[in-house]
Every structure is written in structure tokens, then in C-alpha cells.
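Coordinate inspection notes
Each chain, letter by letter, is given below.
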Amino acid sequence: MDDKETKQQKRFLRSKWDPFRLKPVLDEEEKPTHCLRLINFLVCTLLGVLVFAFGYLSKVSLLLMVTISDPDSSTISNKPFGLLILGCTLIFPNILTFIKSLWKAIFKSIGLPSKQLVFFVCTIDLLVASGMAALVVIAMPKFDILNNTMILNSVCIVPAVLQVVNQMRPSRNILQIICSLLSIFFVLLGYVIFTVSYVMKPNEKTMYLYIGVAIGGTLLVSLNWWENFTAHLNNSMLQNIHKSLHKSRDVMYLISSTVRIIATGIIVGVYSAYSDHSQPFSRSIPLTTIKYTLSLFAIQVISSALCRWLSVITFKMHVFRRSFIIPMILTTPTVFASFLILFGVRYLNFQNYQHPINSSLILFCQESSSYTGQANPAAAVLFIDVSKNLCSKSAIVGNNIIYDILLGVSSIGWLLGLALSTIYVWQIKIPRMERTSEVFVRHLYEGAFIDQSMLLNVRMNMGEAEINDSREKCSKKDHVMIYLCATMWHETFEEMLKILTSLFRLDRYQPKKMSQKNKMSMEAHIFFDDAFVEIEESGRKKLVVNEYGECLVEVISEVYKVFTEKKNSKLNGDPDNAIKHDMIKTPYGGRLCYILPKGNYLYIHFKDKIRIRHKKRWSQIMYMYYLLGWKLHKKYADAYGGDDLNENQEYKKEKHNTYILALDGDTDFQPSALMLLVDRLRMYPNVGAACGRIHPTGMGPLVWYQKFEYAVGHWLLKTAEHVFGCVLCSPGCFSLFRGSALMGDNVIKRYTTKASEASHYVQYDQGEDRWLCTLLLQQGWRVEYNAASDAYTNAPQEFKEFYNQRRRWGPSSMANTLDLLDTGIQTANKNPSISRPYIVYQIFAMASSILGPATVCLMVAGCLQFIFKLDANLSLFLSILLPVLYLIVCYTTKADTQINIAAVLSIIYAFLMTATFIAIIGDIVSSQTIMSPTGLFLSTMGLIYVITALMHPQEFPILIYGLLYIISVPSAYLLLTIYSMTNMDNVSWGTRETASPVKQKKKKKISTKKHVKYSKSCKCCCWNLEFNVNEDQKITEATETKGLLNDKDSSDEEQADDLVPQDSRVQECWIEQLQMKSDEVELVERDLDSDEIPFWTGLIEEYLKPLEEDKDKQERIKKELMSLRNKCTFLYFIINCLWIIATFFLQAIGNTISIRIPKILFNGTRDEDIFVDPVGFMFLLSFAGLVILQFVGMLYHRIYTFIHLISYVRTEAIPNYTDAKKRKIIDDLEMNDTFLSTV
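Just so it is clear, the model here is predicted, and its values are computed rather than measured. All residue numbers refer to position in the chain's written sequence, counted from 1. The predicted origin of the model limits local features to residues at a pLDDT of at least 70 and limits the giving and counting of side-chain atom pairs to 80 or more, whereas totals for whole chains, interfaces and linings rest on all residues. As a rule here, side-chain values cover all heavy atoms of the structure and leave hydrogens and water aside.

**As for the overall build of the protein chain**
- Scanning the protein chain from terminus to terminus reveals 46 helices and 20 strands.
- Throughout this description, buried means an accessible area under 20% of the type-specific maximum (1.4 Å probe, protein chains only), exposed means over 50%, and partly exposed covers the range between. Every one of the 1239 residues in the protein chain was classed for burial, and the buried ones make up 56%.
- Nonlocal contacts in the protein chain, meaning residues at least 24 apart in sequence, comprise 81% of its contacts between residues at least 6 apart.
- Each accessible area is a Shrake-Rupley result for a 1.4 Å probe, and residues are judged covered by the shown protein chains and nothing else. Accessible area for the protein chain stands at about 52,700 Å²; split by element, carbon and sulfur atoms hold 63% of it. In DSSP terms, a helix is any run of H or I states spanning at least four residues, a strand is any run of E spanning at least two, and both are numbered starting from the N terminus. By definition, residues are in contact when any of their heavy atoms lie within 4.5 Å.

Right, dumping it as C-alpha cells:
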């Protein structure tokens, strides 16, 4: 007690004279800036305007096409052609549906429909297509343009009836029933008044047939949305049809869209050929006819498609009320008003400028065909037709006002019917970035009814859409549990500061008391490898936490002070009221349990490598079993027993909504980055993992190179994988995994496989993140990439560390890709995101990677020939000579020597590439043409990279590092490949090993270790500048035996795999040690829960027992690794040799077998042709095609990333503000949405 009081007194006295803090750079304001909020408001407003504008253009262009197809129209002379183009506007959406369904059928795994489903859906679609063709092509040209505008609203009649039937159940909505009944009444009223208005007219008996066709056509068209309003009808046949349709929607749409296209084509073709007023179809079509019909057709189909796409975006951005519903409701009235205003303006101009005296409306109609007005001549022709149409067919021209009243009543009735039948759209609640299939029932839209089809297609029972796989469907409002798991080993003070600042920042963003309201809980864990060492004091051996563990505790104390709001009340105030944090001895070492300022928990797991297996993969297995097995599975196993637990819905739901965020010990991220990843898993139940944009940090040329390399990899490679298939690797430094995906068959269980063969060491231990993703993909889960989720991690700054890191990554990535390709057919059958074309894409990407060294050699040969004017054969020989010599060096010398030689060669190659790059530019300027293979390739790649960087404006400065990337190509794709392949038998980690202050020896010895308090380094070329603030401490090294490491690398002795048992006489003193180090945060010892001890004991015994030394096995594995290295290296380089030889002989043959490319100068004149070998040219074209394909994927992905970011700004909770400020921000964001929701 005295020690505790002394510590408290020292802390109090220190607070009097030590006000200074080491405050990290927080970037903590997780709130929308004024600029971002303004952008959000402008984007949402612009979105609503565009939806309205495109809907308006779609409707106007369709009605104008109907009008000019009338036999009385003078705009076009060939009426059959006009009717055919009008029919094409009806067919075009079905063609898009066919293409989209075919794309999914090719690239996704799909089911086949039943015969009953095919018959039912095809019958409905045949009726819909017939009714649509009859209404638009046959009936509407006979009516005036105003009635045509409003009658389209009557297609809501059958949905309104089905809504009434659907509400006849115990949980019925009275308001919904009333609105649906009123909708039916107003639509029927419109039908009656529409019929009466023509019956009352004299000499209109010929219109009775067309009135019947029009009303019948709208009734048939209204069957189009049967699926949306019959999902909950108590009918077994309909339920079976819905279930079958959910499983085979894409194939069914392929069939139904074909039926629609054929039915529409037959009706339109027959009517245009045999209509009473139709003219014979002539092959010679006047130019004016083509101009007007095709122009209106283009406007109609483009505006309809854009209107639909933007409507989808309004739901994803959560602005559908003001940016979708209001524009869609106002589209038809605005079109109606526009035609009335057009007619009125033309009549007023006719009065003012032509016949100011006695110019009646009847006189205007008589001369309307000759009056052009002041409009553009091209538009005047259409305006004349609109005026003639209203004059000859509308009731507004007559003297009887009753017809005007009837027109107004029928129009209002149909409009109210549509508004009331879609009243449910105002009431739906959806999360941001909702899936399109969960918002809209049918794939696309109906071009003739763009506003009506979009409103009626909104899913009535939101949140109850199907998913296309067999996995459970969970609500997006379910509570989610997020475990943040970081692995540490030899991180510095600065690196620890980054990860802890991120965790404390997230704690403030998602306070524990808000977990129920936000439907989200979080818990952080740090697993610290090799945390204990033995020291000897006064002749006694003590087990203490090493200097890195001490540093972690001190960093937590510093960060805790920064993030504690009331600094003095909890830290320096009454000890009885201070927060006490737990210290626990565990079977694997020790655990610290911190209560963060906002109530969330942070656990530090110190691992003793004598008690539990160390290294990153085993730490991941440790927390997966602890969090998913012990905390999640055991809870339900105790409650319900082990039998049939997988059928328990609560258990399945919690697995599905449990996420693990894998982190490295130096990762820095904002809460928004995590929330954006959570969105991906919440929205898409088949997503098993999601990763963000990783930014390397540090200083020096190597880091600059990696910045551009990471940027290109994320900009192009990962986006292409996301769009065309799914991401193959979710990096362990910042990735979110779904619990149910990890707990599935053949994932965690197989991930625990201990390497027993040479290939296992390469695939399992050298790239554990890639292997885990491969296991998820093979089990049918999707891995996604979110470009707006930014995370920052330290990158290697030394040449040696960089080469050793890539020495692990290269062979591991190749092994996992080959494993995935080897099981490609099975994976494609099981995983809907991996298609056979995507496998072909990966095969080509793998081939390009394998041929990288040969391609670089040929490029270097071209450089030598271009700069020094050497003979082609001599240039090729010299370009191969250095790689061959380096290959011999890698087989005969130690790893350090190999890396030093690679560094020297990299500088030589960099000078050569720089000279070549400048010379190529000079040659392009001097020859005045880029029409050469090299010029075209460079200009195309440069243009693609510049546009890509412009699409990422915040990262545009990274483009400067592209020059360093270009001159480093030989080092990265030739020398590094040789080093990686020839050192495949070296299975040491390679990075952070030199961070240990003292090398481990076989014998114990007392050495002075430096406790790294602060470290700052700057790397420039071959110079390493480091500044360290250290604390000396005497530490005795534990005895270790050397594991399975390569003898060639002297640094590999710094970490051992196999351990000797810990001396039982060693006294554990780490509790008192850390209590002394944590002077600002009180740590109190307590015992581990008794029921948790058997879990850890069993887990260690079964999966995590430290590896025992087996010299015979080590020798066998070492021989197998060398054999594997020799085989892979031989095959790898023999393929590259064959490529070089093929190119050499093609060059030797000369122009006999070559491709001739015309050389076009800048002034447009043609010079002598250029001859290139076909193999190299086709490879160049293929590589360029691959990059262009990735570029297209990037554009698509970038648009949806921007949409996701805007939706996040609008909808995400705003943490840690006063209630008044929070209300103000929410009011600014929601604006009209709150008012409209209330209405």
C-alpha cells in the first residue's frame, strides 16, 4: 500500500511541473467538412435535376415519335419506317436486359428455371409485350399528345389491385389499403371519362376500337410488375414460382427478353406493313425521315438508360425522396404542361406577328401547318406537328368547355392513381449503398414508361429480396460485433503510436454506450509475439517483458492521456475513483485489459514463444479460435448443445454479423475507413472479406517507388479484379473478414495446417494473407476492394529489407494463384464471382508475370541498340549476360552478397533506363511521329496513367514517382525475380529481423539491450541516417536452437523457430515491471477465469504447441526446398529462354516474317513503313489490352467509390458532439428528406 501511495504522490507532484505531452497527429475530426458537405448538397441536388431532366427527355422524345408516326404528320414521309423505329424504342430495354443477363450467365454461376416458371413468366411477358406494342404503336398515334401523355399513368391499375389483395392479412396496413382503393378508383374514373369524352364527340365512332385497344393495352402492361406485388400472396403456386425465379433469374430473363423482342417485333412489323393508313415500305428512305426518327430514337434510349442508372444512384446515396420520387412524379405533369405552353406560345406569337386582328384559335389551327414561328427550322417542323395534333384531335380547340374539363379530370385521375399506388415508396427505409436487386425487382426499365416503370419497380417489401446463393439472409439492421486484431513483434515507438491512436480514435467514434443505438460493438486485441525474455539480477533468473513490450505499455499510457477528456479527475484524482485496468497471467504468457476512455475494451496478449507457437499465421489462428470458437461458438454450444447447432438461426445470424478486422502493428486508419468496409459486408451477404486502399509510408527512394507501385496496383489491378471477378488477396494489414466465412468448412481448420512439405512453406508460411483469401474463394466467398477505405502502413526503406519482403511475396503469390487456377473449374462452379473468362484473365496475367524477366531483357537489348547503335545480336547477348551472371551469383553466394550486387546492378540499369527514356522521347520528336510500337505503347500507357491519376485527385502527386518506377523496372522485374526464385528455399521472414538490438546466441549471456524510446530514420540511396533515443537495460538472452532457415543469410540467425523448454526456476516478474512502466494508467493484477484455462491449454496442445526440434526432418525439408527451388527455377527460366530465342530468330529472319506498320508523321504524311516481329508485337498488344481492360474496370469502380463516399457523408453517425451541434449537422444533411418523410 505504501508503494501505491508513493506512486500516486509522485504522479500528483509530477502533474504540477510536467504539463507537456507527446500528442500524436490525430486527424481526429471525423465529421463532414463544410466543403465536403457543400459538395454533398450540390451532388444530391444535381442528381435530382438530372433524373428529372432525363426522365423528361425520355417522355418528350417518345411522345414526339408517336406524333410523327401519325398518318396526318408531315415531319416524316415514310410512316412504316417511323413505326419500326418506334417499335425499336420498346425493344431496346429488352435488348439491354438480354445483354445484362447474358453477361451474368457467362461470368456468374446460375441456376436453371423450372418448366412451370418458364411457361408462367413467358405468358406474362408475352401479354405485356403485346399490350405495350398495341398501346404505343397502334392506339396512341390516334389520340392527341396530351391524352397520350397522361394515359401512360394508368398502367398502375393491376399493381393497385394486387396491393389491396396483399394487405388482406392480419398485419394489414389500413392506410395502404385506403390509398390502393383510391388509386383503383381514380384510374377507373380516368378510363370512364376518357371514353365518355370521345363518345360525346360527333363522328368519332371510328375511335371506339382504338379506345378499347388503349385501355386493354394499359391493363396488359400493368401486369409487368406482378412479381413486386405478389411476393406475399398466400398462394402456393406463386410462392413456388417466386422461389424458382430467385434461383434462376438471369436465365429466365434471357428467355423472357427474347420472347418480348420477338412478340414486339411481330406486332410492329405486321401493323406497319398492313395498316389501313400505312404506306408501302420503301427501301429509299428520305434523309429527313432518317434524321428525325433516329435523332428522337437516340435521345429516347440514351435518356431512359441514364435516368434509370441515376435513379439507382439516388437510392445508394440515400437521397431517393427528393432526387428520385419527386422528379419521377413531376415528370408527366411537366411534359403535359410543356406541350400546352408550347401550343399557347405559338398561338400568341401567331396573334402578335401574323394576324393581330381577328386571329382566332380556329384560324390558327387552319394555318398551323404553314406557320413556323421563331423556332429553329429543325425544331419548327416538330412544333408544327404538335400544333396540328392538338388542333385536329384535342378537345381544347373546340368551343365546348366540357371537353376541356373532362380532359383535365381524366388526367388528374390517372396522375393521382399513380401517386397513390406508389405511396409506399415514400415510406421505405434502406441503408446506404443498398444493392440494386434489393431496391428494384426487375433488372432494368420500360422505355415507354420510364417514370411509371421506375416507381412501380421499387420493391414494396424492402429488405426481403432474395440472395442468389444458399447462405442465410440477415437483416442489415442486425447488431454487428467487430473485433480489431493486430499482430506485433518488433514495432518501434512511432509505429505503435499509429495503431494505438487509430484504436483510441475508433473508441471515441463508436462509444460503448452508443453500441445499441448504432447497432455496432467493437473490441480491440493486440497479439504480441515473442514478448518475454529472461534477465538475471542478483543471481536470480526473472522472466520479464522485453523492451518492445515495455514500449507498448508506455505508448498506451501516453495515448490514454491524450484521449482522456477529464485528464485530472481519472488519472491524478482520487485513487478510489480511478479506472483500474487488469493484468492477467495466462497459459500463453500474459494479458492486459484496458478500458478505453469511451468504454470499449483493448486487450494486449503477450505471447511467450516457449509456451505457444509464434509468428503471424499462428497469432491469427490464436485469435480466430479465441474470438470465434471460445467467445462465439461456445456460448451457443453451452446453451443449445452441439447437435444441429448450424441450423440455429440465432447462431447463424451472429456468425454472419461478427467481423474481424486484421491489422498490422503499424497500421494507421480513420474510423470512416472501417465503416466503409463494414458497409460492404453488411450489404452483400456473399462477401467474406473486404480490403481497403493501402498507402505505404516512410522516406527515401524505395518508399517513393513503392508509393507508385501500390497506387498502380490498387488503381488498376485490384479494381479490375473487383469488377470482373473478385480480389485474390486481401492484405493482412487492413482487411475485414466475416465470421461465418472464416468458420466455414475448409477455412480455419485448413489454415491451421502445419507445413510438412516444401511447397507448404512457400504457400502457407510466406504469404499467409494470400492463402487465407484463396481458401475463402475456394469455398464460394467473395473478396472485395473499397478504394475509399484508406489505411497507412510502413514500407521497407532499406534495399535489403525490400528484397527480402518481395522474396516472400513473389513465390507465395505465384503458388496461391496456381493453386486457384488448378482448382479453377471447381471454384467457378462454387463461387459465383469467379467465372471461366475471369480464370482466363488470370491465366494471361500469370503468363505476363512469368515472362517478365525475358521481356525486360528484350527491352534492355533495345535500349543498348537504340543508344549505342550496337548490333541487334550483340545487344541481345549483352542484355542476357548480366542476368545470367547474377543468376550464378545467387546460386553461389550468401543472401547479403546477392542483395549488394543487385543494388549495384539496379543503379546501372537505372542509368541505362534513364538514358533510353530520354532518347526515345528525343527520337519521337526528331522523327515527328509516335506511330511506332514503342511510341504508341509509351504514349498509351502514359495517357492511361495520367487519366487514372486524375480520377484519384488526392493521389495525383504520386504520378511524379512514376519516373522512378520506370527506371527501376529492370531491378523489380528482372533482378528481384531472379533473387526470389533462387532463394525460394529460404523460408525466413526477412523483415523486422534486424530490428532486434542484439543477435540471439545459442548460449545465454548478459548483454546490454537498448530500449528504443524513439526512432527516426531517413533512407537515401545507399546512405542510412538513423536517430534513436535509447535506454540501456541488462537482459539475458534465452537459449534457442536454430530453425529451418537458410544458411546463406547471416541475418536469418536472428529469429529461431524451435524452442527449448523454459526453466521452471525462472521467476515471473513482468507484472511488477509493467506496473512501474505504466505510471499514468493503473494496472491491477487479477486471476484468469477458471473456465478459460482449459480452452487455452487445449488450443495450445492441439494447434499452437511450440515446434520441437527435429534435425532429421529439418534436413529433409531443407533438401526438398532446394529441390523445389531448382525445379521451379529451371522451369521458370527455361520458359523465358524460349521466349527470348523465339524473338531472336524472328529478328534474324528479318522482314520475311514481320508485321508492317505505317509510319505517320505529325503533319499527316506517310513515311517508310516500320517492320516488327509478330510475337513481340502481339505480346505488346496483349499487354496493352490488359491494361486498357483494367482501366475500364477502374473507371467503373471509381464512380461507385465516389457514390459510396457521398452516401457515407450523408448517413453516418457524427460522434462526440453536443446534442445541439449534432442536430444542426443532421438537419443540414437531411434537409428536405425529413419534411418529405413526415409528409
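Now that the structure has been shown, the text picks up again.
**A word on the sheet that holds strand E10 (residues 687–697)**
- Spatially, the eleven strands line up as an open sheet ordered E9-E12-E10-E11-E8-E1-E2-E7-E6-E5-E18, and their pairing is mixed. Taken across any chain shown, the strands that pair with only one partner, and hence form the sheet edges, are strand E9 (668–669) and strand E18 (1082–1086).
- Note on method: axes are straight lines fitted to C-alpha atoms, helices fitted across the in-contact stretch only, with angles between N-to-C directions ranging 0 to 180 degrees. Against the sheet, helix H41 (residues 1070–1077) touches strand E5 (580–586), strand E6 (589–595), strand E7 (601–607) and E18, its axis set at about 155° to E5. Paired strands, in this sense, are two strands between which DSSP finds at least two bridges.

**Things to note about a nonpolar patch on the surface**
- Like-charged residues within 9 Å of one another, or nonpolar side chains (Val, Leu, Ile, Met, Phe, Trp, Tyr) within 5 Å, are grouped into patches, provided each residue has over 30% relative accessible area and no salt bridge. The term salt bridge refers to a pairing of a side-chain nitrogen on Lys or Arg with a carboxyl oxygen on Asp or Glu at a separation within 4 Å. A surface patch of nonpolar side chains, about 640 Å² in accessible area, is lined by Leu 874, Phe 877, Leu 878, Leu 881, Leu 882, Val 884, Leu 885 and Ile 888.
- Following the sequence through the fold, Leu 881 ends up in helix H36 (residues 872–892).

**Overview of the packing of aromatic side chains**
- Whether two aromatic rings pair depends on their centres lying within 6.5 Å, for rings of Phe, Tyr and Trp, where Trp uses its six-membered ring; planes under 30 degrees apart make the pair stacked, over 60 edge-to-face, and the rest tilted. Counted according to the given criterion, the structure contains 41 aromatic pairs.
- Arranged with centres 5.7 Å apart and planes meeting at 55°, the rings of Phe 528 and Phe 606 form a pair that is tilted. Taken together, the residues Phe 528 in strand E2 (residues 520–528) and Phe 606 in strand E7 connect sequence positions 78 residues apart. The same class applies to Phe 528 and to Phe 606, which are both buried.
- Members of the aromatic cluster, joined through ring pairs, are Tyr 705, Phe 708, Phe 799, Phe 802, Tyr 803, Tyr 945, Tyr 965 and Tyr 979.
- The criterion is that NZ of a Lys, or CZ of an Arg, lies within 6 Å of the ring centre and within 35 degrees of the ring normal, and then a charge sits over that ring. Here the guanidinium or amino end of Arg 613 rests over the ring plane of Trp 618, the centre of that ring lying 4.4 Å away.
- Of note, Arg 617 hangs over the ring of Tyr 751, and the distance from its end group to the ring centre comes to 5.9 Å.

**Some points on the packing of helix H7 (residues 174–199) against helix H8 (residues 207–221)**
- Between H7 and H8, the shortest axis-to-axis distance is 10 Å and the interhelical angle comes to 170°. Judged on the interaxial angle alone, H8 and H7 are roughly antiparallel. Between H7 and H8 lies a crossing whose hand is right-handed. Of the residues in H8, those in contact with Tyr 191, Phe 194, Thr 195, Tyr 198 and Val 199 of H7 are Met 207, Tyr 208, Ile 211, Ile 215, Thr 218 and Leu 219.
- All residues other than Ala, Val, Leu, Ile, Met, Phe, Trp, Tyr, Cys, Pro, Asp, Glu, Lys and Arg, Gly among them, are scored as polar; the first ten of these are nonpolar and the last four charged. Its residues assigned to classes, the contact of H7 with H8 comprises nine nonpolar, two polar and no charged. Put simply, angles under 35 degrees are roughly parallel, angles over 145 are roughly antiparallel, angles from 65 to 115 are roughly perpendicular, and the rest are oblique. If you view the pair so one helix is near and one far, a crossing is left-handed when the near helix is turned anticlockwise from the far one by less than a right angle, and right-handed when it is turned clockwise.

**Considering the side chain of Asp 451**
- Mapping Asp 451 onto the fold places it in helix H19 (residues 450–456).
- The class of Asp 451 is buried, set by a relative accessible area of 0%.
- A polar contact of 2.6 Å, which involves the side chain of Asp 451, links it to the side chain of Thr 332.
- Of note is the side chain of Asp 451, whose polar atom sits 3.4 Å from the side chain of Gln 452.
- Residue contacts for Asp 451: discarding those within four places in its chain leaves Lys 59, Met 328, Thr 331 and Thr 332. Pairing of N or O atoms within 3.5 Å defines a polar contact, subject to two protein rules: one partner must be a possible hydrogen donor and the other a possible acceptor, and residues neighboring in sequence count only if both atoms are side-chain atoms.

**Comments concerning helix H22 (residues 547–563)**
- To estimate how far a helix should extend, the number of its residues minus one is multiplied by 1.5 Å. Under the 1.5 Å per step criterion, the end-to-end length of H22 is 24 Å for 17 residues, consistent within 8% with the ideal 24 Å.
- Taking burial as the measure, the 17 residues of H22 include 16 buried ones, the bulk of the element.

**Focus on the nonpolar core**
- Put simply, buried Ala, Val, Leu, Ile, Met, Phe, Trp, Tyr and Cys residues joined by side-chain atoms within 4.5 Å make one nonpolar core. Leu 484, Leu 602, Phe 606 and Phe 669 are the most contacted members of the largest nonpolar core, which has 186 residues in total.
- Per-element accounting of this core gives the leading share, 14 residues, to helix H4 (residues 115–139).

**Brief notes about a negative patch on the surface**
- A contiguous patch of negative charge on the surface is contributed by Glu 1109, Asp 1110, Asp 1112 and Glu 1115.
- Note that Glu 1109 resides in the loop between helix H42 (1093–1104) and helix H43 (1111–1149).
- Residue Glu 1109 is classed as partly exposed on the basis of its relative accessible area of 37%. Asp and Glu count as negative and Lys and Arg as positive, but His and the ends of the chain are not part of the count. The atom standing in for a charge is NZ when the residue is Lys, CZ when it is Arg, CG when it is Asp and CD when it is Glu.

**Let's talk about the pattern of salt bridges**
- Scanning all chains against the criterion turns up 29 salt bridges.
- Residues Glu 558 and Lys 561 are paired through a salt bridge, measuring 3.6 Å at the closest nitrogen-oxygen approach. On the criterion of helical spacing, the pair formed by Glu 558 and Lys 561 is a turn pair, its members being three residues apart in helix H22.
- With its nearest N and O atoms 3.9 Å apart, the salt bridge here joins Glu 1108 to Lys 1105.
- Judged by relative accessible area, Glu 1108 falls into the exposed class, the value being 60%.
- Connected via shared salt-bridge partners are Lys 616, Asp 664, Glu 768 and Asp 769.

**Digging into the pairing of E5**
- Bridging between E5 and E18 involves five bridges; their strand directions are parallel. By the bridge assignment, His 581 is partnered in E18 with Leu 1083.
- Pairing of E5 with E6 involves five bridges; the strand directions are antiparallel. Paired with Asp 582 across the bridge in E6 is Cys 593.
- Joining the antiparallel neighbours E5 and E6 is a turn of two residues.

**Digging into the environment of Leu 181**
- Positionally, Leu 181 belongs in helix H7.
- You can call Leu 181 partly exposed: its relative accessible area is 45%.

**Points about unusual backbone geometry**
- Even without a glycine there, the phi angle at His 318 is positive, about 65°.
- Note on placement: His 318 falls in the loop between helix H12 (287–316) and helix H13 (320–353).
- Note on His 318: relative accessible area 19%, which makes it buried.
- Of note in the backbone geometry, Asn 746 takes a positive phi value of approximately 65° without being a glycine.
- Turning to its location among the elements, Asn 746 is positioned in the loop between helix H28 (739–742) and helix H29 (748–751).
- Here Asn 746 falls in the partly exposed class, since its relative accessible area comes to 45%.

**Comments concerning the side chain of Thr 332**
- Within the fold, Thr 332 resides in helix H13.
- The exposure class assigned to Thr 332 is buried, which follows from its relative accessible area of 1%.
- Residues within four places of Thr 332 in sequence aside, it is in contact with Lys 59, Thr 149, Met 150, Asn 153, Asp 451 and Gln 452.

**As for the confidence of the model for the protein chain**
- The pLDDT value expresses, per residue, how confident the predictor is, ranging between 0 and 100. Model confidence for the protein chain is summarised by a mean pLDDT of 81, while 79% of its residues fall at 70 or above.
- Confidence drops under pLDDT 50 across residues 1019–1025; counting only partners more than four residues distant or on other chains, this segment forms 15 contacts.

**Some points on the packing of H7 against helix H16 (residues 401–421)**
- Taken N-terminus to C-terminus, the directions of H7 and H16 make an angle of 155°; their axes are 7 Å apart at the nearest point. As summarised for this structure, H7 and H16 are arranged roughly antiparallel, according to the angle between their axes. Relative to H16, the crossing made by H7 is left-handed. Contact residues: Cys 179, Leu 182, Ser 183, Phe 186, Val 187, Leu 189, Gly 190, Tyr 191, Ile 193, Phe 194 and Ser 197 in H7; Tyr 403, Leu 406, Val 409, Ser 410, Gly 413, Trp 414, Leu 416, Gly 417, Leu 420 and Ser 421 in H16.

**Describing the environment of Ser 74**
- For Ser 74, the position within the fold is in the loop between helix H2 (34–68) and helix H3 (79–107).
- In the structure, Ser 74 is positioned 311 residues away from Asp 385 in sequence and 7.0 Å away in space, judged by C-alpha atoms.
- Discounting chain neighbours no more than four positions away, the residues touching Ser 74 are Lys 79, Asp 385 and Lys 388.

**Comments concerning the environment of Tyr 191**
- With respect to the helices, strands and loops of the structure, Tyr 191 is situated in helix H7.
- Using a relative accessible area of 7% as the deciding quantity, one classes Tyr 191 as buried.
- Here the alpha-carbon distance between Tyr 191 and Trp 414, two residues 223 residues apart in the chain, equals 8.4 Å.
- In this structure Tyr 191 touches Ser 154, Ile 157, Ile 215, Thr 218, Leu 219 and Trp 414, once residues within four positions along its chain are discounted.

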